[in-house]
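Observations on the model geometry
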Amino acid sequence: MRKLKNSELDRLSVEDFKQVKKTPIIIVLDNIRSLNNIGSVFRTSDAFLIEKIYLCGITATPPHKDIHKTALGSTDTVDWEYVENTMDLVERLKAENVKICSIEQAENATMLDNFTPEANTKYALVFGNEVKGVAQKVVSASDTVIEIPQYGTKHSLNISVSCGVVVWDIFSKLKTITE
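Everything numeric here is computed off the predicted structure, so don't read it as measured data.

Quick notes on the pairing of strand S1 (residues 23-30)
- With respect to burial, S1 is a largely interior element, seven of its eight residues being buried.
- Here S1 pairs with strand S2 (residues 50-56) via six bridges, running parallel. Its bridge partner being in S2, isoleucine 26 is matched across the sheet by lysine 52.
- The pairing of S1 with strand S6 (residues 123-128) spans six bridges and is parallel. Paired with leucine 29 across the strands is phenylalanine 127, a residue of S6.

What to know about unusual backbone geometry
- In this model, proline 62 is joined to proline 63 through a cis peptide bond whose omega is -5°.
- With respect to the element layout, proline 63 can be found in the loop between S2 and helix H3 (65-71).
- The backbone of leucine 72 sits at a positive phi, close to 50°, despite the residue not being glycine.
- A relative accessible area of 57% means that leucine 72 is categorised as exposed.
- Even without glycine at this site, asparagine 97 takes up a positive phi of about 65°.
- When you line up the elements, asparagine 97 lands in the loop between helix H4 (86-95) and strand S4 (99-103).

Let's talk about the nonpolar core
- Of all hydrophobic cores here, the largest spans 32 residues; its most connected members are Ile27, Leu29, Leu125, Phe127 and Ile170.
- Among the secondary structure elements, those contributing two or more residues to this core are S1, helix H2 (35-47), S2, H3, S4, S6 and helix H6 (159-178).
- Counting residues per element, this core draws most heavily on H6, at seven residues.
- In this structure, leucine 125 is in contact with Ile25, Ile26, Ile27, Val28, Cys101, Ile103, Val166, Val167 and Ile170, ignoring residues within four places of it in sequence.
- Residues Tyr54, Cys56, Val138 and Val145 belong to the second largest nonpolar core, which totals 19 residues.

Some words on the sheet that holds strand S3 (residues 80-83)
- What the seven strands build is an open sheet, ordered S3-S2-S1-S6-S4-S7-S5; its pairing is parallel. Bordering the open sheet on either side are S3 and strand S5 (110-111), each of which pairs with just one other strand.
- Against the sheet, H6 touches S1, S2, S4, S6 and strand S7 (144-147), its axis set at about 160° to S1.

Points about the pattern of salt bridges
- Here the structure, examined in full by the defined rule, presents 10 salt bridges.
- Notably, a salt bridge pairs glutamate 8 with arginine 2, separated by 2.8 Å at the nearest N-O pair.
- Its relative accessible area of 36% is what places glutamate 8 among the partly exposed residues.
- Between aspartate 79 and lysine 18 there is a salt bridge, with the nearest N and O atoms lying 3.2 Å from each other. Residue aspartate 79 is located in the loop between H3 and S3, and its partner lysine 18 is located in helix H1 (residues 14-19); the two are separated by 61 residues in the primary sequence.
- Judged by its relative accessible area of 37%, lysine 18 is partly exposed.
- Connected via shared salt-bridge partners are Lys52, Glu81 and Arg92.

Rules used throughout
Residues numbered from 1 in each chain as written. Predicted model: local features only at pLDDT ≥ 70, side-chain atom pairs only at ≥ 80, totals over all residues. Heavy atoms only, no water. Buried < 20%, exposed > 50% of the residue type's maximum accessible area, 1.4 Å probe, protein only. Helix = DSSP H or I, 4+ residues; strand = E, 2+ residues; numbered from the N terminus. Pairing = 2+ DSSP bridges. Core = buried A, V, L, I, M, F, W, Y, C linked by side-chain atoms within 4.5 Å. Contact = heavy atoms within 4.5 Å. Axes fitted to C-alpha atoms, helices over the stretch in contact; angles between N-to-C directions. Salt bridge = Lys/Arg side-chain N within 4 Å of Asp/Glu carboxyl O.

What follows is the structure in structure tokens.
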């Protein structure tokens, strides 16, 4: 087996990315402090054609060299918007019939492997602060809380890893119900 060269990967141009149909997923970053995590979420969002990223609270916005270092240009492809108050955004998205899914450990959370997305539904996935998680008000206002099953000694994953795991899982499930 031979590794492929970048020139063989048949990737979209920035212009084509802007025009292609997006996955009905919005990512909400609730007070993320690490610029590298923010950049990584942009890169994951580019890979899976995420519709939009909302950067809320203390979450930094592009352009910034530390975001750019991990985003590798995806801040130019993925649509994003800064919203100061996460709850204001959640209320706005709910009014637009977007299903709010906080990614958190909570009572009665649905384990990711048991979560089944619905066809013709747009989802906003809320990822929280590296220390405090998703704000309780946001968790309480969510349509569902999704938890990533973990079996080791640690109680959490890095936010950028969590985003990659959840987005891949839901992207894959949506593909099977829309094809």
